[in-house]
Amino acid sequence: MFPPADDPPDLGVPPNRGPLPVRRNPNSNPHAHSSQLRDLRPQGIRGGRGHRGGGRRGSFCSMRRSLACVVVISAFFIVVMMVMQYKIGKSEQGSSLKEFAGMMLQFGQASSFERLGEREGLDHLRSDIRIGVRKPTLALILGNMKHSPPLLMLFTVIKNLQGLGYLFKIYAVDDDNSRSIWEQIGGQVSILSPEIYSRIDWTVFEGIIVDSVEAKESISSLMQEPFCSIPLIWIISEDTLAKRLPFYEKMGWEHLVSYWRSAFSRADVVVFPDFSLPMLYSVLDTGNFFVIPASPIEVWAAKSYAKTHSKYQLRGDLGLNRDDMLVLVVGSYFFYSELSWDYAVAMNEIGPVLIKYARRKDAGPMFRFVFLCGNSTDGYNGHLKEVASHLKLLPGSVRHYGMDSDVNGLMLMADIVIYASSQAEQGFPPLLTRAMSFGIPVIAPDLPDIRKHVVDGVHVVTFPKKNSNALMRAFSLLISNGKLSKFAEAVAFSGKQLAKNMLASECVNSYAKLLKNVLSFPSDVLLPGHFSQSQIDDWEWKSFRAAEMPHIESGSASMKISSVVHVLEENLSNQLGSENISNSEADNDVLTQLDWDDLREIERIEEIERLEMEEIEDRMETDPGIWDELHRNVRKAERAHFEANERDEGELERTGQPLCIYEIYNGVGAWPFLHHGSMYRGLSLTTSGRRLTSDDVDAVDRLPFLNDTYYRDILCDIGGMFSIASRVDKIHRRPWIGFQSWHAAGRKVSLSSSAEKVLEETIQGRTKGDVLYFWAQLDVDDGHTQENHIPTFWSMCDILNGGNCRTAFEDAFRQMYGLPSYKEALPPMPEDGGYWSALHSWVMPTPSFLEFIMFSRMFADSLDALHMNSSRSMNLSLATNSSQPTVCLLGSSKLEKRHCYCRVLELLVNVWAYHSARKMVYINPYTGEVEEQHPVEERRGSMWAKYFNNTMLKSMDEDLAEAADDDDGDRGRWLWPLTGEVLWQGIYEKEREERYRLKMDKKRKAKEKLVERQKKGYKQKAIGRR
């Protein structure tokens, strides 16, 4: 007898779902070594599709009887199917459920491909001339470092992407036994903590790959500006959260669902390794789900299970003989839990095989057919027994096991596996992959996804679906004298070899193609190799040694219960529990009418006592106190306001300081990178991102045009400098001024305490001369440029600006000064190997800063006008705001075009300081060592001092101010008047005339008032006279 498996041992198979393998590359060759194995296939199976006539060995009745037999069996199984549908309660909804499930199989991958197709790929970049000097850098965040199938898949992908030219920096949520493996790829693995999350400048990466739900905290840190625009790919292999989502909806925890939905929406693409997961996570879908169906989980499960279990030991435990032929019948993974129609159709197809082999009473081995579907308590077993009795099959020859039983054990014990489903799936059926991994010969219908990945007669034996005769012939080929034939052994061996590394190549190529469509590659980045260059045939099994393969726990492909999911649930339940307790206490404490009467009596008595005390105090003489005490009380009340207190203290700390460095930032995510102390003050480019508990400057408040996202993005940090320079006397009254981007701290080039001390002592000891101190140097080499080809200033500028820096600078400079076309307009820069300033991290005297801003405003306006003219000349349609150009000559990626002028304006201070004869001094940010760069004495003969003369710049500034003052709006978009104060002599005269007019109006009104009083006869009585 074949006993039931009500309480099976844990075999490492998720009871309700599992990963679906993916499709192979159409160009890949799954037919490897097929020529060596094809000669082992019997002649009958080779022509099975072309000739369906009788006269074959292995048919269980003659040609004349065959047709009648099939008709009788088919009619009988139609009745049996109807009975099974009725008894299980699916007769009315069977066809509709079948149709619904079929629709669910078609995950909307097409829409995801269309959306990704809109992204900037590499095709147009490869055709352009690029000067790349560094590899594209990606951050990889591992949520789980334990050895597991998803980690094996990810390791294989990352290792091959590295071969295409990507550079990886690896972070991990926790430490585990695979750290040494990952260090082979990305060097030192950084273990993340809540403090470290906020200290990483994610903008240095071209993209971020996050693995597992466990890395949810990293997603949270990427949901704030300025990290919102970084491309993010989130790979999710677990179903732990998906199983909890229905519970959240049942409990009414909508805000917890919204919390996870917002996290999912942050990712540009959420990648799943099979088509079942996006259906389970459909509640959180925001249109960014994508499936790359590939995972070695089936092979992993088979390997780990076979190491600890024996085929014949399992048979003995179930009371089976060693020589019994066990045939396992499986179906579609999507239909096993509720739909019996799929298996009813399978019974119709497999009926002739059952009648021929399950009725045998000879002394040979017994054939046992096990149907793997549904759950153990679904009632399938009784119905199969009823079918067996109608067919007069031997007792114990037909048995049902549920998917919640020992699936691995059944497959390991099986001699043959029949895939009896006629439903087409997206991807290769996972149960077939697992059966092939156990080395079991497989019979399957010739469905498109099965034909795509295997060779008929080599890896599996296929038959036309819904053709019981073909199934009988295929089954007969695997049996010889009651045992497996040599052909069956050859098919099992080749199938196992194919399943071991099935879909590895397509997986790597799919991820390479995904990165190509999601990432934006800046101008200074070397383009990665084409994804077709990745020739990978195997998963990285050698890195994950068999001795280190842990057994997969039941119910989770990741072998780890997601702590993030349960921690969030616990926090929410505690919060809701406290609210429920407070509500219950409020309900129990209900006031009665007597309580209300007592309360009113108490209030009446207290009111009488209060009035009596006020009357007594009015009759008593009181001392108002001295003025100092009153003033002290007022100041104490003012200090009670926390925000005002903080700002006052910050201003007091800077009183008497010769220097103030404004740290420019944009968004809440940059707060941890800002400094505290008397030398620094924050400068926020957005009102919403400003720190409320500090006295940071709001750039938008000082220059309202920065509230426009377009202007704020194209100008970046220099827009904040424009805001400081506007009405500078009201905010900065110190002899020295400095700036530092928040990126300097993120990239470890901000001033250390020792360097700050050296800088402060240096500027205090310097009483004359104009100098620029900087500590963040321009460096685009990154070790990829040869020593004898050190990039020059203009070549580095070209590298950072899509190769068009010189052209754009020259054209803007020519338009700014009105130079003729035949005259040179690109200021020469030395090639002496010295350092140049970057990241807007420098200090200079305040008057020099105002002069630099005056030059920068005019240059930025000229550059903006140049781009506007380029847009019009190229006949490009403008964006929603017609004043915004849609072309950027200074960038190739989407992010570079968004911040079009930023990289040129970042280097502008070098051109201005060099040609205006300012001394340029580099301060080592770590040691404070001071070193002069490009000495002024060596610049003689190469400086264009006349164009940077202060008198000339003031004259140009006044001309622009006069034009702006007289502008009647016909000029259209004009950047210069928006960037600061508009001042010229005519404005002073207008202000003086306005003051005089107001004074005369006041006198006139006073005189008219006096005349009016005299007219009405009113005269004021003389004081002191009676």
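Our subject is the structure that appears above.
I will try to describe carefully the structure that is included in this document. As the structure is a computational prediction, the values presented were derived from the model and not from experiment. (Residues numbered from 1 in each chain as written. Predicted model: local features only at pLDDT ≥ 70, side-chain atom pairs only at ≥ 80, totals over all residues. Heavy atoms only, no water.)

1. Brief notes about a negative patch on the surface
On the surface, a cluster of negative charge is contributed by E603, E606, E609, E612, E615, E617 and D618. Looking at where E617 falls in the secondary structure, it is placed in helix α25 (residues 593–619). (Patch = residues over 30% accessible without salt bridge, like charges linked within 9 Å, V, L, I, M, F, W, Y side chains within 5 Å. Areas by Shrake-Rupley, 256 points an atom, 1.4 Å probe, with all protein chains shown as cover. Salt bridge = Lys/Arg side-chain N within 4 Å of Asp/Glu carboxyl O. Lys, Arg positive; Asp, Glu negative; His and termini not counted. Charge placed at Lys NZ, Arg CZ, Asp CG, Glu CD. Helix = DSSP H or I, 4+ residues; strand = E, 2+ residues; numbered from the N terminus.)

2. Quick notes on the nonpolar core
Core analysis: the biggest nonpolar cluster contains 86 residues, and F739, W842 and F849 have the highest contact counts within it. With ten residues, the single largest contributor to this core is helix α35 (residues 846–873). Formed by 85 residues, the second largest nonpolar core is a distinct cluster that contains V454, L503, C507 and Y511. (Core = buried A, V, L, I, M, F, W, Y, C linked by side-chain atoms within 4.5 Å. Buried < 20%, exposed > 50% of the residue type's maximum accessible area, 1.4 Å probe, protein only.)

3. Quick look at the sheet that holds strand β2 (residues 167–172)
Spatially, β3-β2-β1-β4-β5-β6-β7 is the arrangement adopted by the seven strands of the open sheet, whose pairing is parallel. Edge positions in the sheet fall to β3 (190–191) and β7 (289–291), since each has one partner strand and no second. Pairing between strand β5 (residues 232–235) and strand β6 (residues 269–272): three bridges, direction parallel. Note that in β6 the partner of I233 across the bridge is V269. Most of the contacts of helix α8 (residues 179–186) go to β2, to which it runs at about 150 degrees, and overall it touches β1 (137–142), β2 and β3. (Pairing = 2+ DSSP bridges. Contact = heavy atoms within 4.5 Å. Axes fitted to C-alpha atoms, helices over the stretch in contact; angles between N-to-C directions.)

4. Remarks on unusual backbone geometry
Leaving glycine aside, a negative phi is the common case for residues, and trans is the common case for peptide bonds. The peptide bond linking E225 to P226 adopts the cis configuration, its omega dihedral lying at 10 degrees. Within the secondary structure layout, P226 lies in the loop between α10 (216–221) and β5. Its identity is not glycine, yet K748 carries a phi of approximately 60 degrees, on the positive side. For K748, a relative accessible area of 51% translates into the label exposed.

5. Observations regarding the environment of Y817
Summarising the element assignment, Y817 is placed in helix α34 (residues 805–817). Separated by 42 residues in sequence, Y817 and F859 have C-alpha atoms that sit 9.5 Å apart. Apart from the residues within four sequence positions on either side, Y817 is in contact with F855, Y947, F948, M952, L953 and M956.

6. A word on the packing of helix α33 (residues 793–800) against helix α37 (residues 902–915)
For any two helices packed against each other, one specifies the inter-axial angle together with the distance between the axes. For the pair α33 and α37, interaxial distance at closest approach is 10 Å and the crossing angle is 165 degrees. Compared by their axis directions, α33 and α37 come out roughly antiparallel. Relative to α37, the crossing made by α33 is right-handed. Contacts between α33 and α37 pair F793, W794, C797 and L800 from the former with R903, L907, N910 and V911 from the latter. Of the residues belonging to the contact of α33 with α37, the class tally is six nonpolar, one polar and one charged. (Parallel < 35°, antiparallel > 145°, perpendicular 65-115°, else oblique. Left-handed = near helix turned anticlockwise from the far one by under 90°. Nonpolar A, V, L, I, M, F, W, Y, C, P; charged D, E, K, R; others polar.)

7. Comments concerning the packing of aromatic side chains
Summed over the entire model, instances satisfying the criterion amount to 44 aromatic pairs. On the numbers, 6.1 Å between centres and 55 degrees between planes, the contact of F264 with F289 is tilted. Placement of F264 in helix α12 (residues 254–266) and of F289 in strand β7 is noted, with a sequence separation of 25 residues between them. On the basis of relative accessible area, F289 is assigned to the buried category, the value being 1%. Each residue in the set F793, W794, F809, F813, Y817, W836, F855, F859, Y914, W944, Y947 and F948 is aromatic and connected to the rest through ring pairs, giving one cluster. (Phe/Tyr/Trp six-rings, centres within 6.5 Å; stacked < 30°, edge-to-face > 60°.)

8. What to know about the environment of L447
Relative to the helices and strands, L447 is located in the loop between β12 (442–445) and α20 (448–453). A relative accessible area of 5% means that L447 is categorised as buried. Separated by 15 residues in the primary sequence, L447 and T462 place their C-alpha atoms 8.8 Å from one another. For L447, the residues in contact, after removing those within four places along its chain, are Y419, S421, S422, Q423, A424 and K465.

9. Section: the pattern of salt bridges
This model, assessed by the stated rule, comprises 30 salt bridges. A cluster of three or more residues bridged by salt bridges with shared partners is formed by E994, R997, D1001, R1004 and E1008.

10. Quick look at the sheet that holds strand β19 (residues 736–741)
Spatially, β18-β17-β16-β19-β21-β20-β22-β23 is the arrangement adopted by the eight strands of the open sheet, whose pairing is mixed. Each edge of the open sheet is held by one strand with a lone partner, namely β18 (697–698) and β23 (930–933). Sheet analysis places strand β16 (residues 659–665) next to strand β17 (residues 680–684), joined by five bridges and oriented parallel. Looking at the pairing, I664 lines up with L683 of β17.

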